Amino acid sequence: MNTDGRVMNFLSRLGDMFILNVLYLISCIPVVTIGAATTALYYNTLKMAENRESYVWREYWKAFRQNFKQATIVWMILLACIFILGSDVLLLGGMSKALGSVVALIVIVLGIFLIMMGVYVFPVLARFDNTVKNTFKNALIMAVRHLPSTIVIVILHGLPLLPAMVSIQVFLKGALVVLLFTVSILAYFQSKLFTRIFSNYYPKDKEYDFARYSKGGVISCLNKRK
């Protein structure tokens, strides 16, 4: 491919990223739809990361509708877990020093596992057909099993917050740029890691037919691992 072709492909991909970013932000506004929106986001970025053709507008809403029920349940469960851990943190002030230390340690450990599972659960849902219970279970197993990649993925999630460490004013001024451009771009780079991880869980006896299966995954994503 010549230089002009590469430039055009880059600009086309950048345009898709911007559209995907805007679609994601719009569909997150009701809050309750954040789970479905995040699943649809990764549905598209996973395809982009695998260099498979993706019609962003059409496929985003297709994935949004297809996964709405499960993704919303997953999102509600995650919110409940965050609320419980947050409530425990608020109660620490009224505990004795010894009990507070134990509870704080438990909250930290559970919080770490929740973050690890949380960054995987929507990409897993976007790629694999499974029950809500198995989606959570497989997300946690993958997060632990591929820990080095998990650490990188978590760091990528936290990159937009780095300006806040310099100055809240800087963070607020750059928030619009971050929201309009970086969400889909960071999801894309995360998806590069996810595609490598997920490839370990496809059937090994034949080439997997992405076109046949709408999610590109398998019913039980851990059973076929070798």
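For the structure itself, consult the block above.
This section reports on the structure supplied with the text. Note that the coordinates shown come from a computational prediction; the quantities given were computed from them, not determined experimentally.

What to know about the packing of helix 3 (residues 56-91) against helix 4 (residues 97-127)
The description of two helices packed together rests on the angle between their axes and the distance between the axes.
Alright, step 1. Look at helix 3 against helix 4: their axes get within 11 Å of each other, and the N-to-C directions meet at 165°. For the element pair helix 3 / helix 4, the angle class is roughly antiparallel. When you trace helix 3 past helix 4, the crossing you get is left-handed. For the pair helix 3 and helix 4, the contacting residues are Asn67, Gln70, Ala71, Val74, Trp75, Leu78, Cys81, Ile82, Leu85, Asp88 and Val89 in the first and Val107, Leu110, Gly111, Leu114, Val121, Phe122 and Leu125 in the second.
Alright, step 2. The residue makeup of the contact of helix 3 with helix 4, split by class, is 14 nonpolar, three polar and one charged.

Overview of unusual backbone geometry
Alright, step 1. Although it is not a glycine, valine 31 adopts a positive phi angle of roughly 70°.
Alright, step 2. According to the relative accessible area criterion, valine 31 is partly exposed, its value standing at 46%.
Alright, step 3. With phi around 55°, asparagine 51 is a residue other than glycine that occupies positive phi space.
Alright, step 4. Tracing the backbone shows asparagine 51 in the loop between helix 2 (34-49) and helix 3.
Alright, step 5. By relative accessible area, which is 62% here, asparagine 51 ends up exposed.

Digging into the side chain of threonine 135
Alright, step 1. Structurally, threonine 135 is set in helix 5 (residues 132-145).
Alright, step 2. Owing to a relative accessible area of 1%, threonine 135 belongs among the buried residues under this scheme.
Alright, step 3. At 2.7 Å, the side chain of threonine 135 and the backbone oxygen of threonine 131 are in polar contact.
Alright, step 4. For threonine 135, the contacting residues outside a window of four places in its chain are Val121, Val124, Leu125 and Asn130.

Criteria and cut-off values
- Once a new chain begins, its residue numbering starts again from 1 and follows that chain's sequence as written.
- Only residues with pLDDT of at least 70 get local features here, since the model is predicted, and only at 80 or more are side-chain atom pairs given and counted; chain-wide, interface and lining totals rely on the full set of residues.
- Side-chain numbers come from the whole structure's heavy atoms, not from hydrogens or water.
- To define axes, lines are fitted to C-alpha atoms, for helices over the stretch in contact only, and angles between the resulting N-to-C directions are given on a 0 to 180 degree scale.
- By the criteria applied, helices consist of DSSP H or I runs no shorter than four residues and strands consist of E runs no shorter than two, each listed in order from the N terminus.
- Roughly parallel covers angles under 35 degrees, roughly antiparallel covers those over 145, roughly perpendicular covers 65 to 115, and oblique covers all other angles.
- Left-handed is the label given to a crossing in which the near helix is rotated counterclockwise from the far helix by less than a right angle, and right-handed is the label when the rotation is clockwise.
- Pairs of residues are marked as contacts when any of their non-hydrogen atoms sit within 4.5 Å.
- Amino acid classes used here: Ala, Val, Leu, Ile, Met, Phe, Trp, Tyr, Cys and Pro are nonpolar; Asp, Glu, Lys and Arg are charged; the rest, including Gly, are polar.
- Exposure is judged per residue with a 1.4 Å probe applied to protein chains only, and the accessible area is read against the type maximum: over 50% gives exposed, under 20% gives buried, and values in between give partly exposed.
- Any N or O atom pair separated by 3.5 Å or less is treated as a polar contact, with the protein-specific requirement of one donor-capable and one acceptor-capable atom, and with residues adjacent in sequence counted only for side-chain atom pairs.

Worth remembering: the numbers are spatial, not functional.
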